[in-house]
Structures are given as C-alpha cells and as structure tokens.
Amino acid sequence: MESLVKQAYEIAKQRYAKIGVDVEKAIAEMDKISLSLHCWQTDDVTGFENPDGQLSGGIQATGNYPGKARNIEEVRADLVKAASLLPGKHRINLHAIYADFSDGVVDRDQLEPKHFESWMVWAKENGFVLDFNSSSFSHPLSGSLTLANPDEKIRRFWIEHTKRCRRIANEMGRYQGQPCVMNLWIHDGSKDITVNRMYYRQLLKDSLDEIFAEEMPYMKDCIEAKLFGIGAESYTVGSYDFYLGYGAKNNKIVTLDTGHFHLTESIADKISSLLLFTPEVMLHVSRPIRWDSDHVTLMNDDTMDLAKEIIRCDALDKVNIGLDYFDASINRIGAYVIGSRATQKSFLQALLEPLEILRKYEANGQNFERLALLEECKGMPWNAVWDYYCMTQGVPVGETFIEDVQQYEKDVTSKR
Ligand code: RNT
Ligand code: ZN
C-alpha cells in the first residue's frame, strides 16, 4: 500500500508541476489548517448539566444511533479517537454545557474557569487547543428570548452567563498560550410576526455592549447569526445584517455557519467582503438540507468553494475553521471523521489550484481558458496527494479509516 501511495503521489506531483502548482508547498500549508472540532457531535448536543434534558433553541439532532457519549470521559475518549483519524493538529470546541461538574452541577450564571480546568489540562496533555461557546439553549430560562429578553431578570441572567463564558475563554487562552476563540450564538427570535423587531435588536445590542465591555486579552470574540430556527421562523433577533453591522463597527469576528443562510446564498462569497471590514472570520462548516439540518459536512461544491475562496483571498491566517453538525443517525465518530476529512480535502484541493495561470487567463480576458482549467482541476490527482499526506501523518489512508471506526464501535461505543 505504502509504495502505491508514494508512486501515485510522485506522478501527481509531476502532473501538478505542469500547471505551475508546487505540491510540497500545498502540503506544508495543510499544517496551518487546524479544525476546531465541535465536541457536541459526540453526544447530540446534550452536555453534562442534565443528560435527560431536551435540546431546545430551534436546533435538532435527529436519530438514535447507539453509543452516544454520556459523560465527560466518554466525550473525551471519542474526541481523541476522532482526532486520531485526522491528519494535522486540531482544536477542540467546547460549549459551556460541557463543564466538568464533578463537584456538583452549577447553574449557567455561576460557571467559573475552575469548571473547565480539567478540560484545559486534558487538552494540553493531548495536544489540543481549546475554543469555547456560551450556551443559551436547553435551559429553563432559554424560552424564545435570552440576551434580547425584555424581562430584565432573564436578560441579566444571560448577560451574566455570557460574561462568565468570556472569562472562562480568557483563562483557557492564558493557560494554553494561544487565544481561545469564543463564539456567541443565541437562538432569540419569534415563531410568528412580531411588531417589535427594533426593540429586541436594541436589547441585544445593549446586552452585547455590556458583555464586551470587559477587556479579555487571551480570547477572541465571535458572533454568529442565523436565518431562522425551528419555532422561530418569522424573526431572528441576531440576523446576519445585525451581526455584520455589529462586527464591522466593533471589530468583532463574524461567524459564518454554512447552514444559516438562504440555501441559494454563497457563503464563499462572503469571505472577501467580511475580511475587508472585520478582523477575522469564524466558520461553522455544516451541510444544510432544506434547512439548517446540520447534516455531516461533505466535500461538496459549497465546502470546496468556501475553501477555495479562503485560499484565493490568501486568508488562511484570518479564518478560524470550526465544524458544526450533529448527526445522531449514524456512527457518531464516523460522522465526525467524514465531515472533518471532507473539510480538509476541500482545503487541499483549494491549495492545489493553479491560481497563477487562472489569474493570468482572467487578466487577459481569456475566459474560456479560465473555465476550462477550473473544470479540468476537478479531475486532477489531488486524491493521490491527500493519501500521501495522510500516510506521512500516520493516519489511515483513504477509506481504511472505516475499519478503525468499526473497531472502536466494537470495543467501545457498542458497550455503552
Ligand atoms: C445553531 C448554531 C450554533 C450551534 C452550536 C451548538 O444553529 O449553529 O452554532 O449549532 O453552537
Ligand atoms: Zn453554528
């Protein structure tokens, strides 16, 4: 197998050289592509507050495939397993509901860095860097409005929660010696027509201003918009326009979740616009089917276009690549690995694009040639480069990771 992979790689290298692409450089660039692995794929966004709690906030994990992680040890074991099947070094994205409650569960307005201390130690031991998220959903006070709630008591509860989350993220960043990226997504919205669109947005703006007032040098703030959630079909307080305006004005990172837009909208096209006005971009790579269904990410046109646009904008160091899907209908580790590798494969293809020639064609008005070469690129042997990359990184080549996932299911998840 090894020599086959090598042979194919050598041929691919020559093929790419003919169109001016340096394959070795592309592989070296792959090292910069760290995914932020969303811990919630391991347990269908349950978290550790209440294992029997219902997922709320307009998001849904459908399916009941056996073997979901039920506690902090199982979540960690699954994360380590999934990451072991991916080339490269990665980050772990935690939600506030994944706190270590071994000393007792506390409410979300009581969370402290100490509840994430064991995560920090574990991450360091396992070579991961942590990212973080405040959690507005699946709580008795979640309702349909949190940071935009006219009820001052409820709004204050969520402001307190989010402020604490920033402090936790800041501690994570300090501990790991690199900034922790904290995402803020709230589900606030309304099922039916509201006559107070401005009012709720004003409340959200006020809440954010207060939350962000405290300087936090070791973390980065991201704000994530959404088109609509289940049960909030008519109005979402934190819409894209809202957060784009807020981010541009306040220098915050805007999160683009690929499931949070009209399905015909190109998320790839937003990268260059955003980066002209905001410092960085955070991605939640997902796969919407008819709605924000959070199917397993695939190497489809949407993911590839997104990766290509980032490379074409030379923006790798300004884009944080997180994943966000939760499929409970198939082996969860398998789902994890498929989506992560699909994202990595999309980036590798983007790095192998013959940009110099394509740009020359474009500058000369040679539009036929540009289109022809773009089309031919799809059939170039990028896969031989991917296999080689996986092999040199010591992770399964091609489809052989299926067996690893099956083995883990046999040994671990099927016994849960
Ligand atoms: C919901 C948002 C959000 C969540 C996670 C769990 O539509 O995409 O990012 O999926 O934070
Ligand atoms: Zn998301």
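Sequence order as written defines the numbering, with residues in each chain counted from 1. For this description, chains carry letters from A and ligands carry numbers from 1, given in the order in which they are written. Local features are withheld for residues below a pLDDT of 70 in this predicted model, meaning they are given only at 70 or higher, and side-chain atom pairs are given and counted only at 80 or more; totals for whole chains, interfaces and linings count all residues. Calculation of side-chain values draws on the structure's entire complement of heavy atoms; hydrogens and water are dropped beforehand.

### A few points about the packing of aromatic side chains
Thought 1: Think of it this way: a Phe, Tyr or Trp ring, Trp meaning its six-membered ring, pairs with another when their centres are within 6.5 Å, and the plane angle makes it stacked under 30 degrees, edge-to-face over 60, tilted otherwise. In total, this model carries 14 aromatic pairs according to the counting rule given.
Thought 2: Considering the side-chain rings of Phe212 and Tyr246, the 6.0 Å spacing of their centres and the 45° angle between planes classify their relative orientation as tilted. Here Tyr246 lies in helix α7 (residues 240-250) and Phe212 lies in the loop between α6 (197-211) and β6 (219-224), a separation of 34 residues in the sequence.
Thought 3: Exposed residues in this analysis have more than 50% of their type's maximum accessible area, buried residues have under 20%, and partly exposed residues fall in between, with area computed by a 1.4 Å probe over protein chains only. Note on Phe212: relative accessible area 11%, which makes it buried.
Thought 4: Since its relative accessible area comes to 5%, Tyr246 is described here as buried. Secondary structure elements follow DSSP: runs of H or I no shorter than four residues count as helices, runs of E no shorter than two count as strands, and numbering proceeds from the N terminus.

### Quick notes on the site of ligand 1
Thought 1: Note on terminology: near, applied to a residue and a molecule or strand, indicates that one of the residue's heavy atoms is within 4 Å of it. Every residue near ligand 1 is listed here: Trp40, Ile59, His95, Trp185, Glu224, Lys226, Asp257, His260, His284, Asp292, Asp324 and Phe326.
Thought 2: Side-chain polar atom of Asp257 to an oxygen atom of ligand 1: 2.8 Å apart, as the coordinates give it.
Thought 3: Here an oxygen atom of ligand 1 sits 3.2 Å away from a polar atom, N or O, in the side chain of Asp292.
Thought 4: Think of a 1 Å grid over just the protein atoms. A cavity is a set of points where a 1.4 Å probe fits yet cannot get out, a pocket is an open set with protein on both sides within 12 Å along at least five of seven lines, and lining residues have an atom within 4 Å of a point. A molecule is counted as occupying a cavity or pocket when more than half of its atoms fall within 2 Å of that pocket's grid points. Cavity membership is defined here by more than half of the atoms lying within 2 Å of grid points; on that basis ligand 1 lies in the largest cavity.
Thought 5: By the convention adopted, Pro, Cys, Tyr, Trp, Phe, Met, Ile, Leu, Val and Ala count as nonpolar, Lys, Arg, Asp and Glu as charged, and the other residues, Gly among them, as polar. For the shell around ligand 1, the residue count by class is four nonpolar, three polar and five charged. Any pair of nitrogen or oxygen atoms within 3.5 Å is treated as a polar contact; in protein, a donor-acceptor pairing is required on top of that, and neighbouring residues in sequence qualify only through side-chain atoms on both sides.

### Let's talk about the pattern of salt bridges
Thought 1: Here, a salt bridge means any side-chain nitrogen of Lys or Arg that lies within 4 Å of a carboxyl oxygen of Asp or Glu. Per the stated rule, a full pass over the model turns up 26 salt bridges.
Thought 2: As a salt-bridge pair, Arg156 and Glu210 come within 2.4 Å of each other at their nearest N and O atoms. On the criterion of sequence distance, the pair formed by Arg156 in helix α5 (residues 152-176) and Glu210 in helix α6 is long-range, its members being 54 residues apart.
Thought 3: In this structure Arg156 comes out as partly exposed when scored by relative accessible area, which is 34%.
Thought 4: With a relative accessible area of 27%, Glu210 lands in the partly exposed category.
Thought 5: As a salt-bridge pair, Asp209 and Lys205 come within 3.0 Å of each other at their nearest N and O atoms. Here Lys205 and Asp209 lie together in helix α6, a separation of four residues that amounts to about one turn.
Thought 6: For Asp209, a relative accessible area of 31% puts it in the partly exposed group.
Thought 7: Lys205 sits in the partly exposed class, given a relative accessible area of 32%.

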